[in-house]
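One-letter residues, chain by chain:
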Amino acid sequence: MTLPLWLIPALPLAGFLLNGLVALLCGWRRAAKTTADWRAVHPDDHGHDDHGHAHEDHADADHGDHSGHNSHDDHAHGPAGPFLPYWQRLFHGVVGVLSVGLATVVAFANLVPYVAGSLATEGGLAPVIQTAYRWMAAGHVTVDVAFRLDALSAMMLSFVTFVGTLIHVYSVGYLQDEEGYGRYFAYLNLFMFAMLTLVLANSLPVLFIGWEGVGLCSYLLIGYYYEKDFAHAAGKKAFVTNRIGDFGMVLGIFGILALFGTTDFSFVDLAKQGAMNGNASISVYAVCLLLFLGAVGKSAQVPLYVWLPDAMAGPTPVSALIHAATMVTAGVYLVARCSAVFVLAPDAMTLVAWIGALTAVLAATIGLAQNDIKKVLAYSTVSQLGYMFLACGVGAFGAGMFHVFTHAFFKACLFLGSGSVIMAMHHEQDMRAMGGLWRRIPWTAWTMMFATVAIAGIPPLAGFFSKDQILGAAFGAGHPVLFAVGLFTAGMTAFYMFRLARMTFFGTFRGPKGAEAHVHESPATMTVPLVVLAFFSVVAGFLGVPEVLGGKNRFIEFLAPSLAVAHPHEVTHLTEWILMGLSVAVALAGIVLAWRWYGQAGATAQVPSAPANAFYMKTGILGRLVENRWYVDEGIEAGVLAPFRKIGTFLWRGFDSLVIDGVVNASAFLVELTGDLVRFFTTGNVRNYALSFTLGVLALAIYVFLR
């Protein structure tokens, strides 16, 4: 028996409302009590100035004690606690986890029979569509709030709910001392509601509600530590950057309506049949490019990827949720969902592939030189998203979505593991100040190692199967250059990930003297999700074992009814073996190089790797470019933001102040001057008025006579 699909996003929404309401009410009560207590101590002072400064100083002092980090670490927790009473923390944690956990139960109650029936039926089961209510109707166009369960949404729903629940459980331990505990869980629940709406939507307008919802929630969660300048700046950067892509998304939705006369996903079937409106004023190429612009913003592709590394400003569980299971995968999901339309525009698909390849290699090079443990993972996410778009661009939509699926597990494990490391190190994030931590935090170390091997693409872990299918599809589709770029990126991925593992967990401790004694393993609420995610990082790939290895690739077979087929990517088994061997060899080379370069005896925080330093010195300008992230942010600042600021300043000071304000002020001056002149004639003396009348009549008579 299946349950209503609308219940899946509704449960996290209910959690958001409960957590938000309780957090607000309790916050108001605490604020009122604090004010009353202060007034009792300062009965004669009504200005609150000293109180405000004292409170800020106290908060800053607490914050400094809690963060315990060096000046280079900007990502410490918020004000220390526990500020909240135990019952309130328990309420927020239980409601936050239970709402998403119940949504997961409802989701799998629908998923299990649907997936089982689809695998047992040739061609899969028909989509399950449930309409909640009629949203709008205009002429022949109607938009319903309807939810759709098909192969693609089922796949997304499975890991979004499951990984999302684990991240909520992890958050209970990670943020237990936060003053904004209730606010955090309210935002996190709202994020899940938006993502589940996006995944289950049966039309582009409903999908766009979830699309904008995850954008709003990312702004709120990235800027969670709003008292810190870097946090709210990062939140605004994410929000504004995504608005660029969303503009293209909106235009793309209107383009779909013009081409197919509908915005629900029945247009996918129309596209497969080639049933387009020939009189539409927009071409299918333009529609694909507009939709892809939206995907570029949401999934952080070149040139709109710059917001994602800065998203590390939020709490680490937020990074895991955004980077692994939810927001950044939305763009790939959109392209896969509209794959039938993209197939009609081969040039647009080529652009998708090249943008993905460029993003993958660019982000991987930047990841080589990062020392902040979360920044390495952030650029890794950008690079892996590039892999997914590369797959979609060469027509291997199933392989791209398979990588979305496997990536959710090992990247969530890596991010949550990094959070455990950061907590153990008292919020130190610089890997140069770590080393030898596996002895102190073995559960974190070994779970992260499994995920690291998975993302490096070493068999038989999950990343090997999905990554190699992408590389094989690129080669089989006749794109040897894209294959070479992907292969090179795979080597760099293995290098920077094992660089992270080597610098963090192995070798000798390089942090401050005496700090190692205080390093401790995280509580069970954090380590249990790590173990579960590490397990799936190992086994998830077996759902898509290719035929050459004795499997049937049931994963892509299951997704096939929801995806378009661009053209076959057939290669011989011998070629597949050669390609797999080549990719594994490149990954192993990256691992060996990283292992030999880093964590050697005598390494210090200043010089963690003598070979790497020597290589850096020999690379010259190239090494400086990589270290400084290719100066992309600086280039955007100089080439885009600075000119717009100058234009804005000119329009403000030159046009608005001088022209617009000048005209208004001149009009006011003329009115005032006229009034000043006229008031001399309004004396209230009847004889003056009679004289004025007589002079007027005389002037009029002279004018008539002379004329």
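Residues numbered from 1 in each chain as written. Predicted model: local features only at pLDDT ≥ 70, side-chain atom pairs only at ≥ 80, totals over all residues. Heavy atoms only, no water.

### Notes on the overall build of the protein
Reasoning step 1: Looking only at helices and strands, the protein features 26 helices and two strands.
Reasoning step 2: Expressed along its principal axes, the backbone C-alpha trace of the protein runs to roughly 115 × 75 × 60 Å.
Reasoning step 3: By residue count, 52% of the 707 residues in the protein fall in the buried class.
Reasoning step 4: Long-range pairs, those at least 24 residues apart, make up 80% of the contacts in the protein between residues at least 6 apart in sequence.
Reasoning step 5: Approximately 30,400 Å² of the protein is accessible, and the part contributed by carbon and sulfur atoms is 68%.
Reasoning step 6: Across the protein, the 38 positively charged side chains and the 44 negatively charged ones have centroids separated by 3 Å. (Helix = DSSP H or I, 4+ residues; strand = E, 2+ residues; numbered from the N terminus. Buried < 20%, exposed > 50% of the residue type's maximum accessible area, 1.4 Å probe, protein only. Contact = heavy atoms within 4.5 Å. Areas by Shrake-Rupley, 256 points an atom, 1.4 Å probe, with all protein chains shown as cover. Lys, Arg positive; Asp, Glu negative; His and termini not counted. Charge placed at Lys NZ, Arg CZ, Asp CG, Glu CD.)

### Some thoughts on the confidence of the model for the protein
Reasoning step 1: In the predicted model, the protein carries a mean pLDDT of 89, and 94% of its residues have values of at least 70.
Reasoning step 2: Low pLDDT, under 50, characterises residues 47-82; the predicted model gives this stretch 58 contacts beyond four residues in sequence or across chains. (pLDDT = per-residue confidence, 0-100.)

### Here's the deal with the side chain of Ser158
Reasoning step 1: Mapped onto the elements, Ser158 comes out in helix H4 (residues 151-174).
Reasoning step 2: Aside from chain neighbours lying at most four places away, what touches Ser158 is Phe108, Leu111 and Phe405.

### Overview of a nonpolar patch on the surface
Reasoning step 1: On the surface, a cluster of nonpolar side chains totalling about 1,100 Å² of accessible area is made up of Val640, Leu641, Phe644, Ile647, Phe650, Leu651, Phe655, Leu658, Val659, Ile660, Val663 and Val664.
Reasoning step 2: Tracing the backbone through its elements, the reader meets Phe650 in helix H25 (residues 632-678).
Reasoning step 3: Overall, Phe650 belongs to the exposed group, its relative accessible area being 55%. (Patch = residues over 30% accessible without salt bridge, like charges linked within 9 Å, V, L, I, M, F, W, Y side chains within 5 Å. Salt bridge = Lys/Arg side-chain N within 4 Å of Asp/Glu carboxyl O.)

### Structural notes on the pairing of strand S2 (residues 141-149)
Reasoning step 1: Within S2, seven of the nine residues are buried, which leaves the element mostly enclosed by the surrounding structure.
Reasoning step 2: Inspection of the sheet shows strand S1 (residues 128-138) paired to S2 by nine bridges, in the antiparallel sense. What sits directly across from Met136, in S2, is Val143.
Reasoning step 3: Linking two consecutive strands that pair antiparallel, namely S1 and S2, is a turn of two residues; a positive phi of about 65° is found at Gly139 within it. (Pairing = 2+ DSSP bridges.)

### Examining the packing of aromatic side chains
Reasoning step 1: In the structure shown here, the tally under the stated rule is 25 aromatic pairs.
Reasoning step 2: Relative to Phe185, the ring of Tyr184 has its centre 5.4 Å away and its plane inclined at 80°; by these criteria the two rings are edge-to-face. The two residues Tyr184 and Phe185 agree in class, both being buried.
Reasoning step 3: Both rings, one in Phe405 and one in Phe555, keep their centres 5.1 Å apart while their planes meet at 45°; by these two values the pair is tilted. (Phe/Tyr/Trp six-rings, centres within 6.5 Å; stacked < 30°, edge-to-face > 60°.)

### Overview of the packing of H4 against helix H5 (residues 181-200)
Reasoning step 1: For the pair H4 and H5, interaxial distance at closest approach is 10 Å and the crossing angle is 175°. When the axes of H4 and H5 are compared, the pair comes out roughly antiparallel. Residues Ser153, Met156, Leu157, Val160, Thr161, Gly164, His168, Ser171 and Val172 of H4 pack against Tyr181, Tyr184, Phe185, Leu188, Asn189, Met192, Met195, Leu196, Val199 and Leu200 of H5.
Reasoning step 2: Of the residues assigned to the contact of H4 with H5, the class counts are 13 nonpolar, six polar and no charged. (Axes fitted to C-alpha atoms, helices over the stretch in contact; angles between N-to-C directions. Parallel < 35°, antiparallel > 145°, perpendicular 65-115°, else oblique. Nonpolar A, V, L, I, M, F, W, Y, C, P; charged D, E, K, R; others polar.)

### Remarks on the pattern of salt bridges
Reasoning step 1: Tallied over the full model, the rule gives twelve salt bridges.
Reasoning step 2: Of the charged contacts in the structure, one is a salt bridge between Arg337 and Asp150, with a shortest N-O distance of 2.6 Å. With a gap of 187 residues between them, Arg337 in helix H12 (residues 330-337) and Asp150 in the loop between S2 and H4 connect regions that are remote in the sequence. Asp150 carries the same exposure label as Arg337, and that label is buried.
Reasoning step 3: In this structure, the salt-bridge partner of Asp430 is Arg432, at a minimum N-O distance of 2.7 Å.

### What about unusual backbone geometry?
Reasoning step 1: Residue Pro303 is bonded to the preceding Val302 through a cis peptide linkage, with omega at 5°.
Reasoning step 2: For Pro303, the location among the structural elements is in the loop between helix H9 (284-298) and helix H10 (307-310).
Reasoning step 3: Of note, the amide linkage connecting Pro459 to Pro460 takes the cis form, showing an omega dihedral of 5°.
Reasoning step 4: Relative to the helices and strands, Pro460 is located in the loop between helix H17 (442-456) and helix H18 (462-476).
Reasoning step 5: Even without being glycine, Asn553 reaches a positive phi, approximately 50°.

### Notes on the packing of H18 against helix H19 (residues 480-505)
Reasoning step 1: For the pair H18 and H19, interaxial distance at closest approach is 8 Å and the crossing angle is 155°. As judged from the angle between their axes, H18 and H19 are roughly antiparallel. Judged by the twist between their axes, the crossing of H18 over H19 is left-handed. Across the interface between the two elements, Lys467, Leu471, Ala474 and Phe475 of H18 pack against Phe483, Gly486, Leu487 and Ala490 of H19.
Reasoning step 2: Split by residue class, the contact of H18 with H19 holds six nonpolar, one polar and one charged. (Left-handed = near helix turned anticlockwise from the far one by under 90°.)

### Overview of the environment of Phe16
Reasoning step 1: With respect to the element layout, Phe16 can be found in helix H1 (residues 7-41).
Reasoning step 2: Taking the relative accessible area as the measure of exposure, Phe16 reaches 24% and is therefore partly exposed.
Reasoning step 3: Setting aside its immediate chain neighbours within four residues, Phe16 contacts Ala186, Asn189 and Leu190.

### Considerations on the environment of Thr694
Reasoning step 1: Relative to the elements of secondary structure, Thr694 occurs in helix H26 (residues 686-706).
Reasoning step 2: Residues Thr694 and Leu200, spaced 494 residues apart in sequence, show a C-alpha to C-alpha distance of 86 Å.
Reasoning step 3: A distance of 2.9 Å separates a polar atom in the side chain of Thr694 from the backbone oxygen of Ala690. (Polar contact = N/O pair within 3.5 Å; in protein donor to acceptor, adjacent residues only side chain to side chain.)

### Some details on H5
Reasoning step 1: For H5, spanning 20 residues, the distance from its first C-alpha to its last is 29 Å, which sits close to the expected 28 Å at 1.5 Å a residue.
Reasoning step 2: Across the 20 residues that make up H5, a large majority, 18, are buried. (Expected span 1.5 Å × (residues − 1).)

### Considering the side chain of Ser153
Reasoning step 1: Summarising the element assignment, Ser153 is placed in helix H4.
Reasoning step 2: By relative accessible area, Ser153 is classed as buried at 0%.

### Digging into the environment of Tyr285
Reasoning step 1: Here Tyr285 is to be found in helix H9.
Reasoning step 2: A C-alpha to C-alpha distance of 34 Å links Tyr285 and Met492, two positions 207 residues apart in sequence.
Reasoning step 3: Once residues within four sequence positions are removed from consideration, Tyr285 is found in contact with Leu344, Ala345, Pro346, Asp347 and Ala348.

### A word on the nonpolar core
Reasoning step 1: Core analysis: the biggest nonpolar cluster contains 188 residues, and Phe159 and Trp307 have the highest contact counts within it.
Reasoning step 2: For this core, the element with the highest residue contribution is helix H16 (residues 397-424), accounting for 17 residues.
Reasoning step 3: Dropping the residues within four chain positions of it, Phe159 is found in contact with Gly164, Ala325, Val404, Phe405, Ala408 and Phe409.
Reasoning step 4: The next biggest cluster of nonpolar side chains, apart from the first, holds 18 residues, and it includes Ala391, Val394, Leu471 and Leu487. (Core = buried A, V, L, I, M, F, W, Y, C linked by side-chain atoms within 4.5 Å.)

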